[in-house]
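# Remarks on the overall topology
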Amino acid sequence: MSVETKLKDVTVSTFLKKKENKEKITMLTAYDCSTAKYFDDAGVDSILVGDSLGMVVLGYESTHHVTMTEMQIFTAAVSRGAKRCLVVADMPFMSYHASIEEAVKNAGELIRAGASAVKLEGATDFILSVVKRCVESGIPVVGHLGFTPQYLNVLGGYKIQGKSAQNTKFILNQAKKLQEAGAFAVVLEMVPEESAKLITENLDVPTIGIGAGRYTDGQVLVADDILGKYSEFKPKFARRYSNLKDIISEAAKNYISDVTSAKFPDESEVFHLSEEEHSALKEIIK
Ligand code: KIV
């Protein structure tokens, strides 16, 4: 049996070309098929199936609770909706730390679920070996530096990273090592604009910023933040383009009101028996 794998319009090479041509790269998170389709049709370059889904979709307190099974299910849903853009799946907490073999196997499972690349956090020697082995195995990797949510407990909270010259130099070195290991892009989260600019200017691979200012090669935001759906908290760096929370609440309230006042369903929303069957029915139950 021959299985044809269609290459997406946006590939790893598109990312590198966009950096060369100084064109901004656009990335959004998505977690379900229909949202992925709308973002894809709108022309976004890449969709990240972020482990932020743990908080915004599953209601966990942090990304630490997200499992490989959950990532596989959401990655498959997004991949069915996104036909054109590059789908990147987050490797969840502890899915790439026990051994290189397990990490590569788990990365492969996310590719099998439909992703074209995986993203992982940090740049320790061990993580760099994982990146290298993934790339050698045919799995493109995006790095993630600066504020790395899976290290929340080690970092001691949601804190801006790279606030000193020394710390910026440290992040730049990490980014260079990721690039050397084969990562084709690096997400920079919550770092000062000046630091992100310097890191971006000193890398050949593109940087994708979130809370990292204006000079990264691309931007990524969480879907529920841009849509105004996640109401627990709005980060300073997120811009709202819609207010789905209010739209959804309003729709639900209108529905409740229509049902309780017998305005729903109306004539246009019901099925009817034919006159003949209706008469027969009346006869049967006489
Ligand atoms: O999980 C996620 O949504 C992310 C972005 C914040 C970059 O990693």
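Residues numbered from 1 in each chain as written. Predicted model: local features only at pLDDT ≥ 70, side-chain atom pairs only at ≥ 80, totals over all residues. Heavy atoms only, no water.

## Overview of the sheet that holds strand β2 (residues 46-49)
The criterion, for reference: Here, a strand pair is defined by DSSP locating no fewer than two bridges between the strands. To qualify as a helix, a DSSP run of H or I must reach at least 4 residues; to qualify as a strand, a run of E must reach at least 2; elements of each kind are numbered from the N terminus. Axis definition: a line fitted to C-alpha atoms, over the contacting stretch in the case of helices. Angles run 0 to 180 degrees between N-to-C directions. The contact criterion used is simple: two residues touch if any of their non-hydrogen atoms lie within 4.5 Å.
Overall, parallel pairing links the eight strands, which are arranged β1-β2-β3-β4-β5-β6-β7-β8 in a closed barrel. For this sheet, the mean inter-axis angle between neighbouring strands, taken without regard to orientation, is 25 degrees. For strand β4 (residues 117-121) and strand β5 (residues 141-146), the ladder comprises four bridges, and the chain directions are parallel. Across the sheet, V118 pairs through a bridge with V141, a residue of β5. Lying over the sheet, helix α6 (residues 125-136) contacts β4 and β5, oriented at roughly 175 degrees with respect to β4.

## Things to note about a nonpolar patch on the surface
Keep this limit in mind: Without a salt bridge and with relative accessible area above 30%, a residue can belong to a patch; like charges are then joined within 9 Å and nonpolar side chains (Val, Leu, Ile, Met, Phe, Trp, Tyr) within 5 Å. Each accessible area is a Shrake-Rupley estimate made with a 1.4 Å probe; only the visible protein chains count as cover when residues are assessed. Criterion for a salt bridge: a side-chain nitrogen of Lys or Arg within 4 Å of a carboxyl oxygen of Asp or Glu. Working definition: with a 1.4 Å probe on protein chains only, accessible area under 20% of the residue-type maximum means buried, over 50% means exposed, and in between means partly exposed.
Nonpolar side chains collect at one region of the surface, where Y255, I256, V259 and F264 lie side by side and expose about 380 Å² of accessible area between them. Residue position: V259 is located in helix α11 (residues 244-260). For V259, a relative accessible area of 37% corresponds to the partly exposed category.

## Let's talk about the domain arrangement of the chain
Worth spelling out the cut-off: All domain edges in this entry derive from an automatic or database-based domain assignment.
Taken domain by domain, the chain comprises domain 1 (12-242) and domain 2 (247-284). With centres defined by C-alpha atoms, the gap from domain 1 to domain 2 works out at 47 Å.

## So, the environment of G162
Position of G162 among the secondary structure elements: in the loop between α7 (152-155) and α8 (165-181). Along the sequence, G162 and R240 sit 78 residues apart, while their C-alpha atoms lie 26 Å from each other. If we skip the residues at most four places from it in the chain, G162 touches N167, T168, I171, P192 and S195.

## Remarks on the pattern of salt bridges
In this structure the tally under the stated criterion is 13 salt bridges. Taking the shortest distance from any N to any O, the salt bridge between D45 and K18 comes out at 3.1 Å. Of this pair, D45 sits in the loop between α2 (33-42) and β2 while K18 sits in helix α1 (residues 12-20), and the two are 27 residues apart along the sequence. The residues D45 and K18 share a single accessibility class, namely buried. One salt bridge connects D217 with K19, and the closest N-O pair in it is separated by 2.8 Å. Here D217 is found in the loop between β7 (207-210) and β8 (218-221), whereas its partner K19 is found in helix α1, with 198 residues between them in sequence. Given a relative accessible area of 14%, K19 falls into the buried group.

## As for helix α5 (residues 100-112)
Note the threshold: The span you would expect from a helix comes to 1.5 Å times its residue count less one. What the arc measures is the spread of directions leading from the helix axis to the C-beta atoms.
Given a rise of 1.5 Å per residue, 13 residues ought to cover 18 Å, and the 18 Å separating the end C-alpha atoms of α5 matches this to within 8%. Of all the residues in α5, the buried ones are I100, A103, V104, N106, A107 and L110. Buried residues along α5 cover an arc of 160 degrees about the axis, so they all sit on one side. Along α5, the residues that are exposed and aim more than 90 degrees away from the buried face are E101, K105 and R112. Residues of α5 that are buried sit in contact with α4 (68-81), β3 (86-90), β4 and α6.

## Digging into the side chain of D90
Rule in force here: Distance and chemistry together define a polar contact, namely a pair of N or O atoms within 3.5 Å, with one atom able to donate a hydrogen and the other to accept it when in protein, and with adjacent residues in sequence counting only for side-chain atoms on both sides.
Turning to its location among the elements, D90 is positioned in strand β3. A distance of 2.7 Å separates a polar atom in the side chain of D90 from the backbone nitrogen of D51. Those residues in contact with D90 that sit more than four places away from it in its chain are L48, V49, G50, D51, M71, L110 and K119.

## Some details on the pairing of β8
By the bridge criterion, four bridges tie strand β1 (residues 25-29) to β8 in an arrangement that is parallel. Bridge assignment links L28 to a residue of β8, and that residue is L221. With two bridges joining them, β7 and β8 adopt parallel strand pairing. Looking across to β8, one finds that G209 is bridged to Q219.

## Observations concerning the pairing of β5
Test applied: Orient the strands so they point away from the viewer; a crossover is then right-handed if the path from the first strand over the helix to the second runs clockwise.
β5 sits mainly inside the fold: six of its six residues count as buried. Burial along β5 is two-sided: the face carrying V141, G143 and L145 and the face carrying V142, H144 and G146 are both buried. What joins β4 to β5 is α6, and the crossover it makes is right-handed. Across five bridges, the pairing between β5 and strand β6 (residues 185-189) is parallel. What sits directly across from G143, in β6, is V186.

## Comments concerning the site of the ligand
Short version of the rule: Residues are counted as near a molecule or strand when any one of their heavy atoms sits within 4 Å of it. Under the scheme applied here, ten amino acids are nonpolar (Ala, Val, Leu, Ile, Met, Phe, Trp, Tyr, Cys and Pro), four are charged (Asp, Glu, Lys and Arg), and all others, including Gly, are polar.
Around the ligand sit T29, L48, G50, D51, S52, D90, K119, H144, E189, I210 and V222, and that is every residue in its neighbourhood. Residue S52 places a side-chain N or O atom 2.5 Å away from an oxygen atom belonging to the ligand. Alone, the ligand offers 260 Å² of accessible surface; in the complex the protein occludes 95% of this. When its residues are assigned to classes, the shell around the ligand shows three nonpolar, four polar and four charged.

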